[in-house]
Number of protein chains: 2
Amino acid sequence: MDPEEFRAAGHELIDWIADYRARIPQLPVQARVKPGEVAGKLPGRAPEEAEPFGQVLADLDRIVVPGVTQVQHPRYFGWFPSNASLSSVLGDMAASGLGALSITWQSAPAVTEVEEVVLEWLRELTGLPESWRGVIQDTASTGSLVALLAARERATDYSETRGGLQAEAAPLTVYSTQHAHSSIGKAVALAGYGQDNLRLIEVDPVSYAMRAESLAAALEADAAAGLRPAAVVVTVGTTGTTAVDPLAQIIPLARRYGAWVHVDAAMAGSALLLPEMRWLADGVAGADSLTWNPHKWLGTVLDCSLLYVADPGHLIRVMSTNPSYLRSAVDGEVTQYKDWGIPLGRRFRALKLWFHLRLDGAEAIRARLRRDLENARWLAGQVSSAPGWRVLAPVNLQTVVLRHEPAGTVSGTGAVLDAGALNAHTLAWADSVNAAGTAMVTPSLLDGTWSVRVSIGAERTERPDVEELWKLLQQAAGSSLAQP
Amino acid sequence: MDPEEFRAAGHELIDWIADYRARIPQLPVQARVKPGEVAGKLPGRAPEEAEPFGQVLADLDRIVVPGVTQVQHPRYFGWFPSNASLSSVLGDMAASGLGALSITWQSAPAVTEVEEVVLEWLRELTGLPESWRGVIQDTASTGSLVALLAARERATDYSETRGGLQAEAAPLTVYSTQHAHSSIGKAVALAGYGQDNLRLIEVDPVSYAMRAESLAAALEADAAAGLRPAAVVVTVGTTGTTAVDPLAQIIPLARRYGAWVHVDAAMAGSALLLPEMRWLADGVAGADSLTWNPHKWLGTVLDCSLLYVADPGHLIRVMSTNPSYLRSAVDGEVTQYKDWGIPLGRRFRALKLWFHLRLDGAEAIRARLRRDLENARWLAGQVSSAPGWRVLAPVNLQTVVLRHEPAGTVSGTGAVLDAGALNAHTLAWADSVNAAGTAMVTPSLLDGTWSVRVSIGAERTERPDVEELWKLLQQAAGSSLAQP
């Protein structure tokens, strides 16, 4: 395709995207296709001849749009905000259009230096320590894996340069909670620590945050048994309930054993743009690494996750490679981001952050985050004061975890809901909200019982959307009870 | 930014991209900025207020374009082709514009199923075994790491579910060559094997391919010493010389010791679209995994790397997580790509492959690949027959590794070039080609001596561009010799 063909098709695509974004409020939030339905609409073999652009564009409407959950919908309250702000989309388009290759600084100095500058902007905006340096990763899953690899190598004095983890005498241990994101257990497994060496520290029964005294006891017991505490993963804003592990209490404990402190603030990191929310990360200056995702609540289109580290020199030593075909005269003077993560070739992801911050401006982004926090507080207030409804966890951020627990009897049967019936009730009314298509929430297990997470923060979600959701939840729960 | 503001800015950006692509032949190929120059043009803090789009767009011209090496230039012969075909750029734009979130099948069925279908198209196009299944990774570095993690877990019967690699009695070993990509050594280190357990098997002095008999001896010696061969990494098309390790000879050796066979065809995978090039992967049906990068020679814009595996069930067992908030009624019926790699959240990368294949068509892509192979053969022929010039490695693909080794004396001095002077001469003339800005090549060490890699295959490179390069190389080498 030559530039003039691209120009023609590109203009059509821009109009398609603008029209699509404008009509999202009319689409069902949750995708309704059945397994195999999308694949069934596609031919079994690649086309030998070029197809006209109009045909491909038509398939976006016919196949793709009905095949995705509309996470940009104003009444999407599902897993977590996954905002793809149109300002950041422009930056991502520019990155694709440029087609730059970043394998070393030399191959594309601007890819490296715009990333350095924008990550410094965001460091300052979030109040992270001045000496920290950041890098863009695809997701927090990768960022946390990189952090746990760095922790492993610090604990073993760079065992990777010798016999690896398999040559180590005493097992390394990692500490977190059962409320940590699934990626933490995965990173522990992939980094070779072994799941038996992951300690899930007790959480407070009300706040769901790690209990510092339980961590202290676990560290002491492991050290006494000859094990080596290598890392503590602290979650600031857990996925389930947005619980905040007490970083300031945890850090001195971890330090006593030389353990790396990694902060997973994937969701909550955006809140650090608000000075009044900085308490979330109290004590962070003593940590070793922190990951957070602008591709969630902040709204920089997926994938864009940040990893900040206190000691870049250590990270580089763990990750570096330097074959001759990548050497250049400026080595040592510049940042080589290939040595800050797993991939060698890197996409120009900084461009979407740069566009996003410049085209929206920090103040408007802060205003939107505050709007969402207020909406969550409003909903929590409504739920708390409604008979039969409960808010199940502190509303630290923009997520409300709730349940409908009717005090009376089940209509027509005379029975009070037992645990099984309550679970069935919860899943039934949540599913009916989602099936109706006008809003979406996520059922989630909390203390072994099903609850519903309402995660507020889609870019287009305004108060009337939250009011409408609250009506829908009440109607759905009422209808579910009314079913025999 | 609302959809109408996006529409206006988007049309401007499309024109910008089309104009930029059209004028690339007039730009210097290699970026000329100095360390810190790009960063120095950016403000130290994020903007509080929104900036007009025109200002951001102007900065693309002022700061970004001069700050990247133009790998889409028709006379870019550097590291490797990194084609960003405009058809694939459209698909990537659509992915960003959609802003879908893929964390499970349910969150965006189309992201999963288009990926499954397109990877099946490409499996068929490249002649890989019918039973294999594929997944998109960001880069081959990540794909090879995933493969070596899968190998580790197979060799240890899922040690990750117990005490990890640190609980294993006998060390695992991995086999490759010094010509393997730097990411292989990195993956060995990160996966915890330890660099001492990576065996760099001897290569043939002419073909630079792994010597099967040396591999056999190394495997036997390690097994006899009580070590456990876990993986053999076979490179099909090495970065340095496009050497092809003899897969068909290697597989039975690896199998004898139960070692995983991973094929790194990052660059050469595209050639498998040509039936006449399938010899590259002779024997591949016996391998366990293969990675190749459509974001290189094929031309699907970065990042887009494919990982195919013979046993997806094993990969899933190594990589899976299943927290309650990600469970759904269709689990078991659908593919959950989160369990095929490291990240949970996945970008809709399949869309750019889908657009690329449909808008260009397979036949045109094959014709372009054949054009590049012919251009490489033509250049190799010219170099071989020119006095003082040598082709240093077999031209298996689209890369010619060459050196100017003047037989006579250095002009004016009476001295024949010794090894040091030959290195200086090579680097001098290569640098002068790159500094002139009309073409770009990559110096690379081969057998300890500097050579120059000419990697042909930019989408816009036609025969006259290669002819022009050959003139430039001869002029530069002549001028360098003429310098006292």
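The present account deals with the structure reproduced in this document.

Rules behind the numbers
Residues numbered from 1 in each chain as written. Chains lettered and ligands numbered in written order. Predicted model: local features only at pLDDT ≥ 70, side-chain atom pairs only at ≥ 80, totals over all residues. Heavy atoms only, no water. Helix = DSSP H or I, 4+ residues; strand = E, 2+ residues; numbered from the N terminus. Rg over C-alpha atoms; globule rule 2.2 N^0.38 Å. Buried < 20%, exposed > 50% of the residue type's maximum accessible area, 1.4 Å probe, protein only. Contact = heavy atoms within 4.5 Å. Areas by Shrake-Rupley, 256 points an atom, 1.4 Å probe, with all protein chains shown as cover. Lys, Arg positive; Asp, Glu negative; His and termini not counted. Charge placed at Lys NZ, Arg CZ, Asp CG, Glu CD. Pairing = 2+ DSSP bridges. Polar contact = N/O pair within 3.5 Å; in protein donor to acceptor, adjacent residues only side chain to side chain. Salt bridge = Lys/Arg side-chain N within 4 Å of Asp/Glu carboxyl O. Least-squares fit on C-alpha atoms with pLDDT ≥ 70 in both. Axes fitted to C-alpha atoms, helices over the stretch in contact; angles between N-to-C directions. Phe/Tyr/Trp six-rings, centres within 6.5 Å; stacked < 30°, edge-to-face > 60°. Lys NZ or Arg CZ within 6 Å of the ring centre and 35° of its normal. Left-handed = near helix turned anticlockwise from the far one by under 90°. Nonpolar A, V, L, I, M, F, W, Y, C, P; charged D, E, K, R; others polar. Buried area = accessible area lost by both parts, 1.4 Å probe. Arc of directions from axis to C-beta.

### Some thoughts on the overall build of chain A
Here is step 1 of the chain: Each helix and strand in chain A was counted, giving 15 helices and eleven strands.
Here is step 2 of the chain: Computed over C-alpha atoms, the radius of gyration of chain A comes to 24 Å, within 12% of the 23 Å expected from 2.2 N^0.38 for 484 residues, which places it in the range of a compact globule.
Here is step 3 of the chain: Across its three principal axes, chain A shows a C-alpha extent of roughly 75 × 70 × 45 Å.
Here is step 4 of the chain: Split into buried and exposed, the 484 residues of chain A put 68% on the buried side.
Here is step 5 of the chain: Once local pairs closer than 6 in sequence are excluded, the contacts in chain A between residues at least 24 apart make up 74%.
Here is step 6 of the chain: When the accessible surface of chain A is split by element, carbon and sulfur atoms take 52% of a total near 14,800 Å².
Here is step 7 of the chain: Distance from the positive charge centre (41 side chains) to the negative charge centre (53 side chains) of chain A: 2 Å.

### Some words on the pairing of strand 7 (residues 305-309) of chain B
Residue and element names in this part refer to chain B.
Here is step 1 of the chain: The element strand 7 is extensively covered by neighbouring structure, given that five of its five residues are classed as buried.
Here is step 2 of the chain: Burial along strand 7 is two-sided: the face carrying Ser-305, Leu-307 and Val-309 and the face carrying Leu-306 and Tyr-308 are both buried.
Here is step 3 of the chain: In this sheet, strand 7 lies alongside strand 1 (residues 133-137) in antiparallel orientation, the contact comprising five bridges. Counterpart to Gly-134 in the pairing with strand 7 is Tyr-308.

### Considering the side chain of Gln137(A)
All names here are of chain A.
Here is step 1 of the chain: Its place among the elements puts Gln-137 in strand 1 (residues 133-137).
Here is step 2 of the chain: Residue classification places Gln-137 among the buried residues on the basis of a relative accessible area of 4%.
Here is step 3 of the chain: Separated by 3.1 Å, the side chain of Gln-137 and the backbone oxygen of Trp-340 make a polar contact.
Here is step 4 of the chain: Each residue touching Gln-137, except ones within four places of it in the same chain, is listed here: Thr-142, Gly-143, Val-146, Cys-304, Ser-305, Leu-307, Trp-340, Gly-341 and Arg-349.

### What to know about the pattern of salt bridges
Here is step 1 of the chain: For the structure shown, the criterion picks out 62 salt bridges over all chains.
Here is step 2 of the chain: Of the charged contacts in the structure, one is a salt bridge between Glu405(B) and Arg403(B), with a shortest N-O distance of 2.7 Å.
Here is step 3 of the chain: Linked through salt bridges whose partners overlap, the residues forming this network are Asp92(A), Asp303(A), Arg347(A), Arg349(A), Lys352(A), Asp92(B), Asp303(B), Arg347(B), Arg349(B) and Lys352(B).

### Things to note about the relation of the copies chain B and chain A
Here is step 1 of the chain: For the pair chain B and chain A, the superposition axis carries a translation of 0.0 Å, the fit reaches an RMSD of 0.0 Å, and the rotation angle comes to 180°. In short, the pair behaves as if placed about a two-fold rotation axis. For chain B, the minimum C-alpha distance to the rotation axis belongs to Gln166(B) and amounts to 2.3 Å.
Here is step 2 of the chain: Most of the interface of chain B is mirrored in chain A, where 100% of its interface residues again form contacts.

### Details of the sheet that holds strand 6 (residues 289-292) of chain A
The strands making up a sheet associate through backbone hydrogen bonding, with each pair oriented either parallel or antiparallel.
Residue and element names in this part refer to chain A.
Here is step 1 of the chain: Strand order in the open sheet made by the seven strands is 1-7-6-5-4-2-3, with mixed pairing throughout. The open sheet terminates on both sides in strands that have one partner only, identified here as strand 1 and strand 3 (198-200). Each strand of the sheet is rotated relative to its neighbour by a mean of 20°, with strand direction disregarded.
Here is step 2 of the chain: The pairing of strand 4 (residues 228-235) with strand 5 (residues 260-264) spans five bridges and is classified as parallel. By the bridge assignment for strand 5, Val-233 is matched with His-262.
Here is step 3 of the chain: Here helix 5 (residues 109-126) sits on the sheet and contacts strand 1, strand 6 and strand 7 (305-309); the angle it forms with strand 1, its principal contact strand, is near 115°.

### Topic: the packing of aromatic side chains
Here is step 1 of the chain: Using the criterion set out here, one finds 14 aromatic pairs over all chains in the structure.
Here is step 2 of the chain: On the numbers, 6.3 Å between centres and 65° between planes, the contact of Phe355(A) with Phe53(B) is edge-to-face. Remark: Phe53(B) occurs in helix 3 (residues 53-64) and Phe355(A) occurs in helix 12 (residues 350-360); the pair is interchain, linking two chains. The same class applies to Phe355(A) as to Phe53(B), namely buried.
Here is step 3 of the chain: Members of the aromatic cluster, connected to one another through ring pairs, are Phe53(A), Trp354(B) and Phe355(B).
Here is step 4 of the chain: Its end group placed over the ring of Trp354(A), Arg358(A) keeps NZ or CZ at 4.8 Å from the ring centre.

### Quick look at the packing of helix 3 (residues 53-64) of chain A against helix 12 (residues 350-360) of chain B
Here is step 1 of the chain: One can describe the packing of helix 3 of chain A onto helix 12 of chain B by two numbers: an axis separation of 10 Å at closest approach and a directional angle of 145°. Of the two elements, helix 3 of chain A crosses helix 12 of chain B, and the hand of that crossing is right-handed. Facing helix 3 of chain A, whose interface residues are Phe53(A), Gln55(A), Val56(A), Asp59(A), Leu60(A) and Val64(A), helix 12 of chain B presents Leu351(B), Trp354(B), Phe355(B), Arg358(B) and Leu359(B).
Here is step 2 of the chain: Taken together, the residues that form the contact of helix 3 of chain A with helix 12 of chain B break down as eight nonpolar, one polar and two charged.

### A word on the interface of chain B and chain A
Here is step 1 of the chain: Counting residues at the interface gives 158 residues for chain B and 158 residues for chain A.
Here is step 2 of the chain: Between chain B and chain A, roughly 13,200 Å² of surface is buried when both sides are summed, and carbon and sulfur atoms account for 63% of that area.
Here is step 3 of the chain: Between the two partners, chain B and chain A, sit 16 salt bridges.
Here is step 4 of the chain: Asp303(A) is paired through a salt bridge with Arg349(B); the nearest N and O atoms lie 3.4 Å apart.
Here is step 5 of the chain: At the junction of chain B and chain A, the tally comes to 75 residue pairs in polar contact (both at pLDDT 80 or more).
Here is step 6 of the chain: Considering every element that reaches the side of chain B that touches chain A, the biggest residue donor is helix 1 (residues 3-23) of chain B, with 16 residues.
Here is step 7 of the chain: For the side of chain B that touches chain A, a count of residues per class yields 84 nonpolar, 38 polar and 36 charged.

### Concerning the side chain of Asp59(B)
Here is step 1 of the chain: Within the secondary structure layout, Asp59(B) lies in helix 3.
Here is step 2 of the chain: One polar contact links Asp59(B) to Arg358(A), side chain to side chain, over a distance of 2.8 Å.
Here is step 3 of the chain: Asp59(B) has contacts with Trp354(A), Arg358(A) and Val64(B), leaving out every residue within four places of it along the chain.

### What about helix 11 (residues 312-319) of chain A?
Each full turn of the α-helix corresponds to 3.6 residues, which orients residues three or four apart in the same direction.
Here is step 1 of the chain: Every buried residue of helix 11 of chain A is accounted for by Pro312(A), His314(A), Leu315(A), Val318(A) and Met319(A). End-on, the buried residues of helix 11 of chain A take up no more than an arc of 160°, which puts them together on one face.
Here is step 2 of the chain: Here the buried face of helix 11 of chain A lies against strand 1, helix 6 (140-155), strand 5 and strand 7 of chain A together with helix 7 (182-190) of chain B.

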